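Read off the chains here:
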Amino acid sequence: MIDIKKIILFLLMVMVGSTHATNPLESYINNIKYYRYTKHLDSTKLYFKKALAEAIKQKDSVNLFYAYKYLGDGYEHHQKLDSTLLMYANCKKYIRKDNYARQAFLLCDMAYTYDLLHDYEKATQLTLMAEKMAEKSGSKTQIGAIAISIAEGYSNLKMNKQAEQYFKKSIQIGEAANLQQLLDQAYRFYGIHLLKNKKLEEAYKNFKLGYKSAVVNKDSISMAYSWRYLSEYFWYKKQIDSSFLLAKKAEKIWERRAENRDLSDICLQQGSYYLELNRLAEAEKYLKKAELHALDDLYFNEQLYTDLANLYFKKNNLKEAFEYLSKAKNCIKQINEEENKSRVTSWRLKFETDKKEALIQKTLKDKALATENTRKKTELAQTVSIFLIFTIISLSIIIVFYLKSKKNNKLLKKSNDALEKLAHQKRILLKEIHHRVKNNLTTLNSLLFLQAKATKNMETKATLEECQTRIESMALIHQNLYNEGESDKVNFNKFIEELFESINQSYAIKNKSIAIELDQNDSSIDVSLAIPLGIILNELVTNSFKYAFSDTEQGKINITVNQNKNKLVIDYYDNGKGLTKDFDSEHDGFGFKLIKILTQQINGWIQYQFSDNKSRFTITINDIN
């Protein structure tokens, strides 16, 4: 079947070609300009090659500039940002030094590309350079547009005072000269800045003014941007229908123009909103549409994959949830790596600067010492002679002793090397075991967390959450052993501090202040004893948080660990309301049963008493070995 669209496109190309036959270079440049913001990147590159050859032939530096510039725009539209920067770099060669307006124009586009790469510092530096060029050119429109770029850079760097200064400068320029296109952008970007800082009514006012200018200019793209951010404003104001109405209007514009970056953004926004409303079918539709046009943007993708993981978790599709959760974690890892690379680069530059400064200081010091060194040459010659004689005698004595002990040392070294190798292998293996056990426990804990979130039975949810805290206590043991490296003992005090901090975060009671105090007494115990003791303490602390402080707003938990040779005594008490019965005859609940079983397992015993308004548990182990 004949492709009608291809025939129509061919006829249009023939018509355009015949119209501009007298000046093919102008035709090629116009075609690059036309195709750069469409989905036809191949057409953009085709006309670029033709324009490049013709412009070189005619030695036309102006059209060489625009050929590279428009192809760079096309690469940017298709998210090939490295290629964009390469094309813009080639543009520089075809700008006259006194053409300040064009230099400012190129610097602004380069800054925008770095902004898309989230290198806000570089973007701000380039826009500040562009501002100087624009001021030399005297173009008010260009100065105003660059002021917007500088303000946006400062906004991304969270330098709000400087950002507002430049936003207001661009608005003043636009209002003074009635530059509606400049005002459209100035109001809109200022509104985005205010929206990020939760100044909703000021943001709304600027969005409305920006939209008014976009209507005057008949600029559908600017209207779409206004709708997108007005949608976000209405969402914050809980006006849900208005939010979705405007978002869908923007979506239609960007879909029609194949603006995939903006289309992905608006689909992610709507998908996130539907997810928050638990309208899962619509959420899946828009999030998958956003994924279809996934951006080369780690921050965007991290939010998209996190939302998809939450979506499938709510749909109880744990397999998909885990896959997207893994993708989100990979994005976070890459974001951290990129941010670390940036820090390393900064540190390296500082190091090179310090190194050069040190070299200068060393040179000055060497010059100062030159005279002193000359004066000491005679003394040095005499000292060297004495030293050489002493060295020869010393070496003779050393050689004699060396020859006598060499044989024994060789055997001893061989034996030590073998023992050290075995010990090293043991340490590595032991660390790996603890690391894997800890990771497996963490995985199990995550599965329980997901199951607890998925279940609607509150009793089952509570049971699963209690299991999580028990598993976390065991995982902390193996994490401590992994961190200790060569030791097979657990620093029990450090473990208890981390355990209490974890439980405090999990069970913190609203409007209550619970203080946990640990009397320090260095104690290191074997892992086989640390795990059951950790579970016992986990049960006691959990029980205190859940039941002990219902009648008081100021709770206190205290634990004392005393180790005397092989004997270990742990005193635990809280100032809660205490047990209603004797410990031994009370609750047949799982927690207290578990405490008793574990205490017997480690050949210890536990006692309970309530006195002075304190519930006190004492765990005694006579032989911890």
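Conventions and cut-offs
Residues numbered from 1 in each chain as written. Predicted model: local features only at pLDDT ≥ 70, side-chain atom pairs only at ≥ 80, totals over all residues. Heavy atoms only, no water. Salt bridge = Lys/Arg side-chain N within 4 Å of Asp/Glu carboxyl O. Helix = DSSP H or I, 4+ residues; strand = E, 2+ residues; numbered from the N terminus. Contact = heavy atoms within 4.5 Å. Buried < 20%, exposed > 50% of the residue type's maximum accessible area, 1.4 Å probe, protein only. Polar contact = N/O pair within 3.5 Å; in protein donor to acceptor, adjacent residues only side chain to side chain. Expected span 1.5 Å × (residues − 1).

Undergrad: Got a minute to help me understand the pattern of salt bridges in this structure?
TA: Any two side chains of opposite charge can pair, given that their charged atoms come close. Taken as a whole and judged by the stated rule, the model has 19 salt bridges. Of the charged contacts in the structure, one is a salt bridge between Glu251 and Lys289, with a shortest N-O distance of 2.6 Å. Of this pair, Glu251 sits in helix H13 (residues 240–256) while Lys289 sits in helix H15 (residues 280–292), and the two are 38 residues apart along the sequence. Notably, a salt bridge pairs Glu291 with Lys327, separated by 4.0 Å at the nearest N-O pair. Taken as a pair, Glu291 in helix H15 and Lys327 in helix H17 (residues 318–375) lie far apart in primary sequence, 36 residues in all. If you follow the salt bridges from partner to partner, you end up with Arg36, Lys69, Asp73 and Asp109 in one network.

Undergrad: Sorry if this is basic, but what is going on with the side chain of Glu76 here?
TA: The topology assignment puts Glu76 in helix H4 (residues 61–77). Dropping the residues within four chain positions of it, Glu76 is found in contact with Leu81, Thr84, Tyr88, Asp109, Tyr112, Thr113 and Leu116.

Undergrad: Hey, could you run me through the side chain of Ser615 in this one?
TA: Relative to the assigned elements, Ser615 resides in strand S7 (residues 614–621). For Ser615, a relative accessible area of 3% translates into the label buried. Within the structure, the side chain of Ser615 is placed 3.3 Å from the side chain of Tyr608, a separation counted as a polar contact. Leave out the neighbours within four places in its chain, and Ser615 touches Tyr572, Tyr573, Asp574, Gly578, Leu579, Tyr608, Gln609 and Phe610.

Undergrad: Would you explain helix H21 (residues 527–548) in this entry?
TA: Residues spaced three or four apart along an α-helix face the same direction, because each turn holds 3.6 residues. For H21, built from 22 residues, the straight-helix expectation of 32 Å at 1.5 Å per residue is met to within 8% by its first-to-last C-alpha distance of 30 Å. Burial analysis of H21 places 16 of its 22 residues in the buried class, which makes it a mostly covered element.

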